[in-house]
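So you can see what is in the structure, the chains are spelled out below.
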Amino acid sequence: MEITGSRIPGSPTERPKRRPRPKKPRDGVFKQVRFPHSGVFAFSCFSMVGQEGISFAVLLMTAHFGDIVAKVCECLICRGSLTFHEIARFTELPHGQVKNSLLVLIQHNCVQAFSVPKTVGIGGPSRVSTLYMAIFDNIIHRMRFSKFHHIVKKDLGDQCAQLLEGFLQHGRLTFQLLYGRASELSGGKAKQVDVLSMFNKLVHAQYVERCPGVPFLELKSDDEVSSARKRSKSEETKTIEEEAMIAAAPSDADRFSGIIDLMTDSGAVTNDKEEESILEVAAGNKRKHEVLEMDEEIQKTINTNEILWRANYEKFVYCLKKKACVANARSRFGDGAAIVLEALMESCDPNIKNLNFVTSSMNSILEGVRGKPGGVSLTLEHVRAILEQLGCQLCTEETGVLYSIVLKDIIESCKNDEAESLILKKYGKEAYRIFRFLTKTGRFVHTDQIIETTFLEKKEAQKILWKLWMDNYLHMEKLNLHTGGRSEVFLWKVHKELVWQHVLDYMFHAALNISQKISEKEEARQVSVGNAEAEKLRKVRYILEASLLRMDDAIMLFHDFST
Amino acid sequence: MSSNGKLPQKRKLPQLPENEQKLYNLILSKESMGIWTADMKKETGLPNNTVTKALKSLQAKNLIKDVVNIHNKAKKFYMAVEFEPAKEISGGTWYSDGNLDVEFINILRDQCRMYVERFKVATIENVWQSIRDSGVFNTECSMQQIKEIMGSLVLDKELEELNSTGIGDFSRIQPGKKCYKRYKDGGNPKEQGILSSIPCGVCPRLTDCTPDGIISPKLVFISINGWTSRCQVS
């Protein structure tokens, strides 16, 4: 951790991303391209996070780990990847506290470390510098632990859920530590073989994964970067943080391989390759046998005491995404559609690397549908019609005809519903109609056209449009039809990307306020006099906590399900 | 009515004084678009009082009429009596005397909604035919009007626009054809949103409510009754 040096020149964290500017239509002269009050946005890990999101993350960190850890975390979220000394300088904390805070944050998967080469002086020797970056998404996932726990409990049962709890409580654990915890909780009754079996269930279902390492990144020179850009214009240039995350992740085979056989006393080997090795040993190569046994011993120690495991948030996000998509299909097309979509998502190959695209054959879908309550009554014709209604596409592969669906479209529809509902409640039915019209149109629309389509009086429509624009829900352009003349018209558009960002920030703000209210109620409960008052405060707290979880559903829709 | 808004009747013009004739010719040339008094003065070069006097005289002779421009009701527009105001001036079929005919629109919306409910799934043609046969309206509604009304019902999430699958409720409709049905939850989007169902979700003062803001979340009183909340500064 004793690393010195300044920030990497040209690092993406030094240049916060700018909000995208809308394209100008060809005709006319545009005077204003704007949202009236654009907020301050900080860059964090992979996505733009608004100030409210950062405040909420810091509040979570403070509640879970205290002020000092939260301070270090806030520094990393706001400033991007930093070295140890930079963190100490910016936070003005003693080195010991910074070190402990980083250890806590890394242990709980809120910070990822990575190394880069750094040249000391011009033409000087190259040294390795370790940078630390906050993983905003993992910080926010901390408020979802009850949801993650519930998913595993429903899927794999209470005992597996109890094991997962260990990972959620302690972040990273070796199998030995996990077993120790399970043994302690059961009063020494838990058998290692049983714990291993449950642990393997968790790993094979991808609820638990092997922890990423600390990657070393070779920084590209400016020439290499520019030539790479020329080679693939369509490919987006990755930030150093994105590259670090990719490099740190273990391969899929390692990530979900589990601990298969080395824990058992008999040493029974199920793997084909290992079986072959044993046969070779039996053939009489004694020295090789001894070496193999020694290797197995070392491997066993590494597997139990060295390899760190953690909860795989990606999988949990996918499960919650599935739940949201199915709920959306149910509300739009009925129970049949929900059953078919759920069967389609469950029957596809669980490839969590592509969370937005699911594909499955008709046979697998039908099998899944028949296995669900209410699914038996659905005929092949019904299922086919529902798949069409859901917008599934047909593709022919060697294995046969496959149905595929883009989950992003369903999530987009959920987002529309949420934003529209917000507009309806805040601004009324007329504003809701205008907003829906502009969302559906997806381009700049003249005020008169809006009035014609929405059946509103001109003055009323103008008032609503202005209000929505002032509150950042609409994008407005003033067009001079005759340059120098007085004739000007207003064009309006819902710029989805910016509106979604605004809605997300709004949600984080509401979540922050609810969290503060919860802590206030808890403080009041602790000093309350009398059982009745304490009970009342407990009920209020319960409702607020449930509200926060509901709010989180909406936050996930706009923040986690889009990627 | 002809396509340019001209009425079919023709009549013989009386002999007009020079100024009136000049103005009348100008107004007549503007056909169904009419002309604003300020533009008349600019184009004819006649003084204010002459124009005002001539316009009064032409109106008295029943040769011109004043029309309301929905885009600016304060501007006085004149048009020859042979013409009906163009859509750009009158606002089209949904306007009556320069005002949005809210009553007519609402009745037509109710009728369209009712027919879709009755059919479960209906095409625009089905609804149009039903309204025509019902005789609810004295004037005939065009297909375009029904289309616009259905569009507004879709925007209000009272109806859903779908393509027929040809099975179940859609069995009467050719597969792939555009049709309409009632929303599953009866068009009540208020219940759909998460934000609208929780405290702080749609609070109008949320922007001001921050730990160091005008209102502090810790100092507001939230009265919770089930899932609804009332929030006020204590």
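On a predicted model such as this, the values are computed, not experimentally measured, just so you know.

A. Quick look at the overall build of chain B. Scanning chain B from N- to C-terminus turns up seven helices and ten strands. The buried share of chain B, taken over its 234 residues, is 42%. Surface accessibility of chain B: about 13,000 Å² in total, with carbon and sulfur atoms responsible for 49%.

B. Examining the overall build of chain A more closely. Secondary structure summary: chain A contains 24 helices and 14 strands in total. Across the 563 residues of chain A, 49% fall into the buried class. Long-range pairs, those at least 24 residues apart, make up 69% of the contacts in chain A between residues at least 6 apart in sequence. Accessible surface, chain A as shown: approximately 28,600 Å² in total, 51% of it carbon and sulfur.

C. Spotlight on the nonpolar core. Ranked by size, the top nonpolar core spans 180 residues in total, and within it Phe199, Leu341, Leu390, Leu438 and Tyr473 of chain A together with Ile146 of chain B carry the most contacts. Broken down by element, the residue count for this core peaks at twelve residues, all from helix H23 (residues 496-526) of chain A. Among the nonpolar cores identified, the runner-up in size contains 15 residues, and Leu23, Val51, Ala54 and Leu63 of chain B belong to it.

D. Main features of the packing of aromatic side chains. Under the definition given, this model contains 16 aromatic pairs over all chains. Both rings, one in Tyr427 of chain A and one in Tyr473 of chain A, keep their centres 5.8 Å apart while their planes meet at 70°; by these two values the pair is edge-to-face. You can see Tyr427 of chain A sitting in helix H19 (residues 407-427) and its partner Tyr473 of chain A sitting in the loop between helix H22 (458-470) and strand S13 (475-480), a full 46 residues away along the chain. For Tyr427 of chain A, a relative accessible area of 17% corresponds to the buried category. For Tyr473 of chain A, a relative accessible area of 1% gives the class buried. Here the aromatic rings of Trp466 of chain A and Trp469 of chain A are separated by 4.8 Å at their centres, their planes lie at 50°, and the arrangement is tilted. Here the residue Trp466 of chain A and the residue Trp469 of chain A both occupy positions in helix H22, the gap between them amounting to three residues, near one helical turn. Through a chain of ring-to-ring contacts, the aromatic side chains of Phe145, Phe148, Tyr207, Tyr313 and Phe316 of chain A assemble into a single cluster. Taking the ring centre of Phe90 of chain A as reference, the NZ or CZ of Arg89 of chain A above it sits at 5.4 Å. Here Arg132 of chain B stacks its cationic end above the ring of Trp128 of chain B, 4.5 Å away from the centre of that ring.

E. Summary view of the interface of chain B and chain A. With 48 residues of chain B at the interface, the matching set in chain A holds 52 residues. Taking both partners together, chain B and chain A bury about 4,500 Å²; carbon and sulfur atoms supply 63% of that area. Counting every contact that joins chain B to chain A gives four salt bridges. Residue Asp417 of chain A is joined to Lys157 of chain B by a salt bridge in which the shortest nitrogen-to-oxygen separation is 2.7 Å. No other element matches the five residues that helix H7 (residues 143-155) of chain B contributes to the side of chain B that touches chain A.

F. Seen up close, unusual backbone geometry. Its identity as a non-glycine residue notwithstanding, Asn109 of chain A has a phi of 60°, on the positive side. Look at Lys120 of chain B: it is not a glycine, yet its phi comes out positive at around 70°. Within the fold, Lys120 of chain B resides in the loop between helix H5 (102-119) and strand S6 (121-122). Look at Lys120 of chain B and you get exposed, because its relative accessible area is 55%.

G. Structural context of the sheet that holds strand S5 (residues 111-119) of chain A. Residue and element names in this part refer to chain A. Read across the sheet, three strands follow the order S4-S6-S5 without closing on themselves; strand pairing throughout is antiparallel. Of all the strands in the sheet, the pair left with one neighbour each is strand S4 (82-83) and S5. The pairing of S5 with strand S6 (residues 126-134) spans nine bridges and is antiparallel. Paired with Pro117 across the bridge in S6 is Val128. Contacts from helix H2 (residues 67-79) reach S4, S5 and S6, with the element oriented near 105° to S6. Across the sheet, helix H11 (residues 240-248) is in contact with S5 and S6; its angle to S5 comes to roughly 110°.

H. View of H19 of chain A. All names here are of chain A. For H19, which comprises 21 residues, the first-to-last C-alpha distance of 30 Å matches the rise-based estimate of 30 Å (1.5 Å per residue) to within 8%. The buried fraction of H19 is high, at 16 of 21 residues. With its phi angle positive at about 100°, Gly428 sits one or two positions after the end of H19.

I. Representation of the confidence of the model for chain B. Chain-level statistics for chain B give a pLDDT mean of 79 and a share of 84% at 70 or above. Confidence, read as mean pLDDT per element, is least for strand S10 (residues 228-233) of chain B in chain B (50) and greatest for H7 of chain B (92).

J. Seen up close, the packing of H2 of chain A against helix H4 (residues 95-107) of chain A. Residues and elements named next belong to chain A. For the pair H2 and H4, the least separation of the axes is 9 Å and the interaxial angle reads 80°. Here H2 is positioned roughly perpendicular relative to H4, judged by the angle of their axes. Here H2 contributes Ile68, Val69, Val72, Cys73 and Leu76 to the contact with H4, which in turn contributes Gln97, Ser101, Leu102, Val104 and Leu105.

K. Structural view of helix H15 (residues 313-333) of chain A. If you check H15 of chain A, its first and last C-alpha atoms are 30 Å apart, about what 21 residues at 1.5 Å a residue would give, namely 30 Å. Once H15 of chain A ends, the next one or two residues include Gly334 of chain A, with phi positive near 100°.

L. Highlighting the confidence of the model for chain A. Residue and element names in this part refer to chain A. On average, residues of chain A carry a pLDDT of 81, and 78% of them reach 70 or more. Within chain A, no element has a lower average pLDDT than strand S1 (residues 29-30), which sits at 32, and none a higher one than H4, at 96. Low pLDDT (under 50) marks residues 1-46, which in the prediction has 107 contacts with non-local residues, meaning those over four places away or in another chain. In the model, residues 262-283 has pLDDT below 50 throughout and makes 22 contacts with residues more than four positions away in sequence or in other chains.

M. Up close: the pairing of strand S14 (residues 488-493) of chain A. All names here are of chain A. Where strand S12 (residues 445-446) and S14 come together, two bridges link them in antiparallel fashion. Residue Val445 lies in a different strand from S14, and its bridge partner there is Trp492. The pairing of S13 with S14 spans six bridges and is antiparallel. In the strand pairing of S14, Met476 is matched with Trp492.

N. Broad picture of the environment of Ser81 of chain A. All names here are of chain A. With respect to the helices, strands and loops of the structure, Ser81 is situated in the loop between H2 and S4. By relative accessible area, which is 4% here, Ser81 ends up buried. In the structure, Ser81 is positioned 49 residues away from Thr130 in sequence and 9.5 Å away in space, judged by C-alpha atoms. Side-chain polar atoms of Ser81 contact the side chain of Glu241, separated by 2.6 Å.

O. Looking closely at the pattern of salt bridges. Per the stated rule, a full pass over the model turns up 36 salt bridges over all chains. Residue Arg144 of chain A is joined to Asp552 of chain A by a salt bridge in which the shortest nitrogen-to-oxygen separation is 2.7 Å. One end of the pair, Arg144 of chain A, is in the loop between helix H5 (136-141) and helix H6 (145-156); the other, Asp552 of chain A, is in helix H24 (residues 531-559), and 408 residues separate them in sequence. Considered together, Arg144 of chain A and Asp552 of chain A belong to a single accessibility category, that of buried residues. Glu43 of chain B serves as the salt-bridge partner of Lys30 of chain B, at 3.6 Å between the closest nitrogen and oxygen. Of the two residues, Lys30 of chain B is situated in the loop between helix H1 (18-29) and strand S1 (35-36) and Glu43 of chain B in helix H2 (residues 37-44); the sequence distance between them amounts to 13 residues. Relative accessible area serves as the criterion here: at 47%, Glu43 of chain B is assigned to the partly exposed category. A single salt-bridge network, built from bridges that share partners, covers Lys429 and Arg433 of chain A together with Arg109, Asp110, Arg113, Glu117, Asp156, Glu158 and Arg182 of chain B.

So, how was this worked out
Residues numbered from 1 in each chain as written. Chains lettered and ligands numbered in written order. Predicted model: local features only at pLDDT ≥ 70, side-chain atom pairs only at ≥ 80, totals over all residues. Heavy atoms only, no water. Helix = DSSP H or I, 4+ residues; strand = E, 2+ residues; numbered from the N terminus. Buried < 20%, exposed > 50% of the residue type's maximum accessible area, 1.4 Å probe, protein only. Areas by Shrake-Rupley, 256 points an atom, 1.4 Å probe, with all protein chains shown as cover. Contact = heavy atoms within 4.5 Å. Core = buried A, V, L, I, M, F, W, Y, C linked by side-chain atoms within 4.5 Å. Phe/Tyr/Trp six-rings, centres within 6.5 Å; stacked < 30°, edge-to-face > 60°. Lys NZ or Arg CZ within 6 Å of the ring centre and 35° of its normal. Buried area = accessible area lost by both parts, 1.4 Å probe. Salt bridge = Lys/Arg side-chain N within 4 Å of Asp/Glu carboxyl O. Pairing = 2+ DSSP bridges. Axes fitted to C-alpha atoms, helices over the stretch in contact; angles between N-to-C directions. Expected span 1.5 Å × (residues − 1). pLDDT = per-residue confidence, 0-100. Parallel < 35°, antiparallel > 145°, perpendicular 65-115°, else oblique. Polar contact = N/O pair within 3.5 Å; in protein donor to acceptor, adjacent residues only side chain to side chain.

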